[in-house]
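Per-entry structural report
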Amino acid sequence: EELGNDVLENAFDGFNNCLFAYGQTGSGKTHSVLGGEGDQRGLLPRILEGLFQRVAARDMSSVSFRCRVSYLEIYNETVRDLLVPVGGQSKSKLEVHH
């Protein structure tokens, strides 16, 4: 229940946040971030649900909110936007600067 609370607190204090999963192929990154249904949900759906619950509970007469979400995969130096449907994105190589 407390996982992700720091991210929510920081967001409501006006800070940008990042959820970063790093590890070997097959180590459970996708499951940790996305999870499954119900109690098996991962961090991202839980954090977003908490975010929108907090927004809905606020007095909106003097406050406005803007939420921007990016969901990216970097694999073999290729960046993929996971919010774009599979056929609609270009495969661009990630430029590595030394």
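Residues numbered from 1 in each chain as written. Predicted model: local features only at pLDDT ≥ 70, side-chain atom pairs only at ≥ 80, totals over all residues. Heavy atoms only, no water.

A surface patch of nonpolar side chains, about 240 Å² in accessible area, is lined by Met60, Val63 and Phe65. Summarising the element assignment, Met60 is placed in the loop between α3 (43–57) and β1 (72–75). (Patch = residues over 30% accessible without salt bridge, like charges linked within 9 Å, V, L, I, M, F, W, Y side chains within 5 Å. Areas by Shrake-Rupley, 256 points an atom, 1.4 Å probe, with all protein chains shown as cover. Salt bridge = Lys/Arg side-chain N within 4 Å of Asp/Glu carboxyl O. Helix = DSSP H or I, 4+ residues; strand = E, 2+ residues; numbered from the N terminus.)

With that out of the way, let us pick up the pairing of β1. Here 4 bridges tie β1 to strand β2 (residues 78–81), and the two strands are oriented antiparallel to one another. Bridge assignment links Tyr75 to a residue of β2, and that residue is Thr78. Two successive antiparallel strands, β1 and β2, enclose a turn made up of 2 residues, where Asn76 displays a positive phi of approximately 50°. (Pairing = 2+ DSSP bridges.)

Our focus in this paragraph is the packing of helix α1 (residues 5–12) against α3. Their axes nearest at 10 Å, the elements α1 and α3 cross at an angle of 40°. In terms of orientation, α1 lies oblique with respect to α3. Here the hand of the crossing between α1 and α3 comes out right-handed. Along the contact surface, α1 presents Asn5, Val7, Leu8, Glu9 and Phe12, while α3 presents Ile47, Gly50, Leu51, Arg54 and Val55. In terms of residue class, the contact of α1 with α3 is built from 6 nonpolar, 2 polar and 2 charged. (Axes fitted to C-alpha atoms, helices over the stretch in contact; angles between N-to-C directions. Parallel < 35°, antiparallel > 145°, perpendicular 65-115°, else oblique. Left-handed = near helix turned anticlockwise from the far one by under 90°. Contact = heavy atoms within 4.5 Å. Nonpolar A, V, L, I, M, F, W, Y, C, P; charged D, E, K, R; others polar.)

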